[in-house]
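# Reading the structure
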Amino acid sequence: MIVLGIESTAHTIGMGISSNKNIIANENHMYKPKKEGLIPRKMADHHAEWFPLLFKRIMKNRNMEDVDAIAFSQGPGIGSPLSIGYFAARYLAIRYKKQVIGVNHPYAHLKIGEQSTGLRNPLVLYLSGGNSQILFEGKNGLQVVGETLDIGIGNLFDSFAREIKMKYAHGSALAELAEEGKYIKLPYNVKGMNFVFGGLLTKSIDMVKKGKRKQDVAFSLMETSFSMVCEALERALYLTKRKSILLCGGVAQNKRLQEMVSVMAEEAGVKFGVGPDEYNKDNGAMIAYTGELLYKYKKPVDFWKPLTDYRIEDMRKVLLKKRKG
Ligand code: FE2
């Protein structure tokens, strides 16, 4: 079976193909603004421009007749870019008479993470720009046991990078700056298995304004926020008694974070896994792969609209339908 997947929840438009649960194509393009932050309308324009180019690339030497279904990233995401992927999927479905499958974006990160690491039923630390959650898939569907109570950890890094006027205001550029930094004490705010980043962001910006070295504050901001999620994750590990930890999402590409979580996992005596960067970034391949997994549900829910605040727990309805056959 062959599924074509489309990703467009935020800054990246992506298309991928999954064939019998193997990724055979993955083409993505990220919108990178030169000065301003991520403006929804501009992301949508970028995605609309790149969709036909990526479609041509992945369909080179392939035929739409061989494709069984079109999967699209249904949410959560930003309305304007999300709607481009939705209409692209709908266009292809009508044009080539295919079934459409809506895919929850965090669930796709989880499933491609399991596939690429070989972990089964792990405790999941999912960290990206807009989402920061600790969750697992159990008998009754998906359960979020801890999460940010305000902004996502990626947004924390991007907002700080923008405030200190970095040329490329992105977490990956901040991580490079942090390499030359020394530790300074910053606010640390964990509440059980949840965490709060707002105070940490305000204090970090304030310290740079008061003359502290950007490198030192960047390093300390990353160390502090990673320590916070690790503390919450360790608590969740003992509560859920999972035997492994999967790290996934855009921020999972950070090597320091990978090191911290792997040390924690080793000390707790559980396995640790993180997928390759190409699947932790937003990408079409994971949507195609997860769409293939969900294909067996004929009409589980109304798949025909994007959901900007689609929570992973809502996948429960889909998964319970599958169990009943
Ligand atoms: Fe993502």
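This text follows the structure it describes.
What comes next concerns the included structure. Everything numeric in this text was worked out from a predicted model, so none of it was measured.

Donor atoms from the polypeptide that bind the iron ion are His105 (NE2), His109 (NE2) and Asp282 (OD), placed at 2.0 to 2.2 Å. Donor residues for the iron ion, ordered by position in the chain, follow H-x3-H-x172-D. Placement of the pair is His105 and His109 together in helix 3 (residues 105–117), with a separation of 4 residues, close to one helical turn. Classification of His109 by relative accessible area gives buried; the value is 1%.

On to the environment of Ala252, then. Mapped onto the secondary structure, Ala252 falls in the loop between strand 11 (244–248) and helix 8 (255–268). Placed 21 residues apart in sequence, Ala252 and Glu231 show a C-alpha to C-alpha distance of 16 Å. Those residues within four positions of Ala252 in sequence are excluded, and the remaining contacts are Leu127, Leu247, Leu257, Gln258, Val274 and Asn280.

With that settled, the discussion passes to the pairing of strand 12 (residues 271–274). Pairing of strand 11 with strand 12, which is carried by 4 bridges, proceeds in the parallel orientation. Note that in strand 12 the partner of Ile245 across the bridge is Phe272. In this fold, the crossover linking strand 11 to strand 12 by way of helix 8 has right-handed handedness.

For any two helices packed against each other, the geometry comes down to the angle between their axes and how far apart the axes lie. Contact pair helix 1 (residues 40–58) / helix 2 (residues 79–96): the axes reach a minimum separation of 7 Å and the direction vectors enclose 30 degrees. Relative to helix 2, the element helix 1 is oriented roughly parallel. The handedness of the crossing between helix 1 and helix 2 comes out as right-handed. Residues Pro40, Arg41, Met43, Ala44, His47, Ala48, Phe51 and Phe55 of helix 1 pack against Ser80, Pro81, Ile84, Ala88, Leu92 and Tyr96 of helix 2. Here the residues of the contact of helix 1 with helix 2 sort into 11 nonpolar, 2 polar and 1 charged.

Moving on: the nonpolar core. Formed by 49 residues in total, the largest nonpolar core has its most connected members in Ile134, Ile153, Phe157, Phe160 and Leu174. Where this core is concerned, the elements lending two or more residues are strand 6 (123–127), strand 7 (132–138), helix 4 (153–163), helix 5 (171–178), helix 6 (198–209), helix 7 (214–240), strand 11 and helix 8. Examining the composition of this core, we find that 12 residues originate from one element, helix 7, more than from any other. When neighbours within four sequence positions are excluded, Phe160 is seen to be in contact with Leu174, Leu201, Ser204, Ile205, Val208, Val217, Ala218 and Leu221. Val3, Cys248, Ile287 and Leu293 belong to the second-largest nonpolar core, a separate cluster that totals 30 residues.

Moving on: the pairing of strand 7. In terms of residue burial, strand 7 counts as a mostly covered element, since 7 of its 7 residues are buried. Side chains Ser132, Ile134, Phe136 and Gly138 project from strand 7 onto one buried face, and the interleaved Gln133, Leu135 and Glu137 project onto a second face that is buried too. Between the antiparallel neighbours strand 6 and strand 7 lie 4 residues. Judged from the 6 bridges that link them, strand 7 and strand 8 (residues 141–147) form a sheet pairing that is antiparallel. Note on strand 8: the bridge partner recorded for Gln133 is Glu147.

Time to look at the packing of aromatic side chains. Evaluation of the coordinates by the stated rule reveals 5 aromatic pairs. With a centroid separation of 5.6 Å and 45 degrees between ring planes, the pair formed by Phe72 and Tyr86 is classed as tilted. Here Phe72 is found in strand 4 (residues 69–75), whereas its partner Tyr86 is found in helix 2, with 14 residues between them in sequence. Take Phe72 and Tyr86: they sit in the same class, and that class is buried.

For the rest of this paragraph, the subject is the sheet that holds strand 5 (residues 99–104). An order of 3-2-1-4-5 is seen for the 5 strands of this open sheet, with the pairing classed as mixed. At either end of the open sheet lies a strand with only one pairing partner, and these are strand 3 (22–30) and strand 5. Adjacent strand axes in the sheet meet at a mean angle of 20 degrees when their direction is disregarded. Relative to strand 2 (residues 12–19), strand 1 (residues 2–7) runs antiparallel, the two being bridged by 6 bridges. Bridge pairing in strand 2 places Gly5 opposite Gly16. Along the sheet face, helix 1 touches strand 1, strand 2 and strand 3 and points at about 25 degrees away from the line of strand 2.

What counts and what doesn't
Residues numbered from 1 in each chain as written. Predicted model: local features only at pLDDT ≥ 70, side-chain atom pairs only at ≥ 80, totals over all residues. Heavy atoms only, no water. Donors = N, O, S within 2.8 Å, 3.2 Å for Na, K, Ca; no water. Helix = DSSP H or I, 4+ residues; strand = E, 2+ residues; numbered from the N terminus. Buried < 20%, exposed > 50% of the residue type's maximum accessible area, 1.4 Å probe, protein only. Contact = heavy atoms within 4.5 Å. Pairing = 2+ DSSP bridges. Right-handed = clockwise from strand over helix to strand, strands pointing away. Axes fitted to C-alpha atoms, helices over the stretch in contact; angles between N-to-C directions. Parallel < 35°, antiparallel > 145°, perpendicular 65-115°, else oblique. Left-handed = near helix turned anticlockwise from the far one by under 90°. Nonpolar A, V, L, I, M, F, W, Y, C, P; charged D, E, K, R; others polar. Core = buried A, V, L, I, M, F, W, Y, C linked by side-chain atoms within 4.5 Å. Phe/Tyr/Trp six-rings, centres within 6.5 Å; stacked < 30°, edge-to-face > 60°.

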